[in-house]
Amino acid sequence: MAEGADSCFLGFDFSTQQLKVVAVNGNLEVIHQSSVQFDSDLPEFRTHGGVHIHDDKLTVTSPALMWVKALDVLLEKMRNSGFDFSRVKAISGSGQQHGSVYWRKGARQTLNNLDPRKQLQDILQECFAVQDSPVWMDSSTSDQCQYLEEAVGGAQRLADISGSRAYERFTGNQIAKIYRSKPNEFNETERISLISSFASSLFLGDYGSIDFSDGSGMNLMDIFQKQWSQVCLDATAPQLDKLLGDLTPSTAVLGCVSPYYTQRYGFPESCKVVAFTGDNPGSLAGMRLQEGDLAVSLGTSDTVFLWIQDPKPSIEGHIFCNPVDCSAYMALICFKNGSFTRERIRDEFAGGSWERFSSALRNTPMGNNGNLGVYFDVMEITPPAAGVHRFNAEGQRVSSFEQEVEIRALIEGQFLAKRVHAEKLGYKIIQGTRVLATGGASSNKDILQVLCDVFNAAVYTIDVANSSCLGCAYRALHGLVAETGASFTEMLRNAPEPQLAVRPTPGAKEVYEPLMLRYAALEAQLLKDHQKSLNLL
Ligand code: ADP
Ligand code: XUL
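The structure reproduced in this document is the subject of the present report. This structure is a prediction, so every number in the text was calculated from the model and none was measured. (Residues numbered from 1 in each chain as written. Chains lettered and ligands numbered in written order. Predicted model: local features only at pLDDT ≥ 70, side-chain atom pairs only at ≥ 80, totals over all residues. Heavy atoms only, no water.)

**Some thoughts on the overall build of the protein chain**
So, step 1. Secondary structure summary: the protein chain contains 21 helices and 26 strands in total.
So, step 2. In terms of overall size, the protein chain behaves like a compact globule, its C-alpha atoms giving a radius of gyration of 22 Å where 537 residues would be expected to give roughly 24 Å.
So, step 3. Its C-alpha atoms give the protein chain principal-axis dimensions of roughly 70 × 55 × 45 Å.
So, step 4. In the protein chain, which comprises 537 residues, the proportion classed as buried is 62%. (Helix = DSSP H or I, 4+ residues; strand = E, 2+ residues; numbered from the N terminus. Rg over C-alpha atoms; globule rule 2.2 N^0.38 Å. Buried < 20%, exposed > 50% of the residue type's maximum accessible area, 1.4 Å probe, protein only.)

Next comes the structure, spelled out in structure tokens:
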């Protein structure tokens, strides 16, 4: 498609710690990037890493109004930098997955009548029945998960329908908790959005539909029929289909931007809003993942994901609908102890400096002389276990490591876990496998070298740190023609290719293959111990 350099497409990402935007022109060149950090730019919300961790340590929320205010601030910032909104032909975006927003009765009316003289944060401040939205880091819904699996006929049956067994952070279980624990707020709710569809609603001035791909992270959708699963809805809360609205393909145009954006910022009236999706699906689009590639995202959460054609849901990992090709799927594994754990170890063992952290990785040998660690500062998702565990070369538990050994043990442990679990999902590293890395920590070459050595495969990165924003700018462009059957991959064939970042160090295979077996056995033992300790309580 010849869109030319004059047109422009925006991709937003409402992620855990920040709101980001990338603009590309019709020649697929990145022409603008900007961001708002929740902790430092919006200190009045008192978040740490974008979230509030509650006293039980399991409940994790973020204020919905913070995301609204972040959008005001970001758009102002773009305008002040001279960004020309009149060139924007289409926008799309993503949100951290699984989180939910509860719009109060009457909010649709307010969205339909946004006054361009006012900021969104002032107009929408009374619009949320639940002020603090549960987010993906929440793990407080074990009871609801158990109930859902029993109601549906077991964990595997639920996975066969929804792509995943019941997970605490998945939206259906969060909704079930709110239905029981906050009945007044629930009764006051007119619509439940995912963070992605909440964000598209802000731009549409009306409720944006939940897309198939992010909708797959709810334990509520039949990922094969691409519609709500009645048995899952019934086990969650009454009348839920009305509160959730219809699902939509991830490539759908939902409508044009609200007149609010035309009048306040100068967007064209014809500017289209393409369905927003989850941040991991957005990254799949941004990295232009191909079948056979493995993507590793090193953001607040770490994730590993693949493009798959023929999914077989199991009780580990997730299957989501593919965000760019309606006939395909993606498999994903999520690790909760990602950047925050790396930052803790950096602060305690490298004086808060990424440079010192990196030099520790350079100064220590592959395999860490047999020292191995598991660092689950908070309850992990894959596998569901907690605690910090260190083992020396003889396999004996030790209470501490030397500083540099600790740093390598953390990074090797994190990547061994990713490879072990990717292989459990059926993924095989073969000659020519590309590992595509993204997320904040992918800017660190020494971390990427360990990833590359553990996987014994070349690691590639893309120039834009935020692959989800980029992917959503691409999705905005594709959305304009998707209905004609135009393929995303074909349309993006001239976009910049991922670049080779690092190659495996000779001898990596010999070091890490035995370590993988050791790590897998260790993790299985930790999981067993953890389950035993729970049963004893
Ligand atoms: P999210 O999209 O989940 O909000 P990002 O993908 O932007 O997060 O990643 C942010 C994280 O990147 C920070 O929390 C930080 O720990 C990490 N990061 C940034 N720079 C580096 C670096 N040089 N080395 C390792 N990690 C880094
Ligand atoms: C994926 C997951 C996280 C969030 C936040 O299942 O929970 O990756 O999307 O990035």
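**Here we look at the site of ligand 2**
So, step 1. As a structural note, the neighbourhood of ligand 2 is formed by Q96, Q97, H98, W136, R169, D279, N280, S301, T303, L332 and C334.
So, step 2. With respect to ligand 2, the side chain of D279 contributes an N or O atom lying 2.6 Å from an oxygen atom.
So, step 3. Take N280: an N or O atom from its side chain is 3.0 Å from an oxygen atom of ligand 2.
So, step 4. Summarising the interface, the protein chains cover 97% of the accessible area of ligand 2, which totals 290 Å² for the free molecule.
So, step 5. Across the shell around ligand 2, the residue classes break down as three nonpolar, six polar and two charged. (Near = heavy atom within 4 Å. Polar contact = N/O pair within 3.5 Å; in protein donor to acceptor, adjacent residues only side chain to side chain. Areas by Shrake-Rupley, 256 points an atom, 1.4 Å probe, with all protein chains shown as cover. Nonpolar A, V, L, I, M, F, W, Y, C, P; charged D, E, K, R; others polar.)

**A look at the pattern of salt bridges**
So, step 1. Tallied over the entire structure, the rule returns 24 salt bridges.
So, step 2. Ionic pairing is found between R344 and E348, a salt bridge with its closest N-O pair at 3.2 Å. Note that R344 and E348 are positioned in helix 15 (residues 339–349) at a spacing of four residues, about one turn of the helix.
So, step 3. Relative accessible area serves as the criterion here: at 48%, E348 is assigned to the partly exposed category.
So, step 4. Residue R419 is joined to E513 by a salt bridge in which the shortest nitrogen-to-oxygen separation is 4.0 Å. Here the residue R419 occupies a position in helix 17 (residues 403–424), and E513 occupies one in helix 21 (residues 508–536), the gap between them amounting to 94 residues.
So, step 5. A relative accessible area of 6% means that R419 is categorised as buried.
So, step 6. Residue E513 is classed as partly exposed on the basis of its relative accessible area, which comes to 36%.
So, step 7. Overlapping salt bridges, with partners in common, bring together E76, R79 and R264 in one network. (Salt bridge = Lys/Arg side-chain N within 4 Å of Asp/Glu carboxyl O.)

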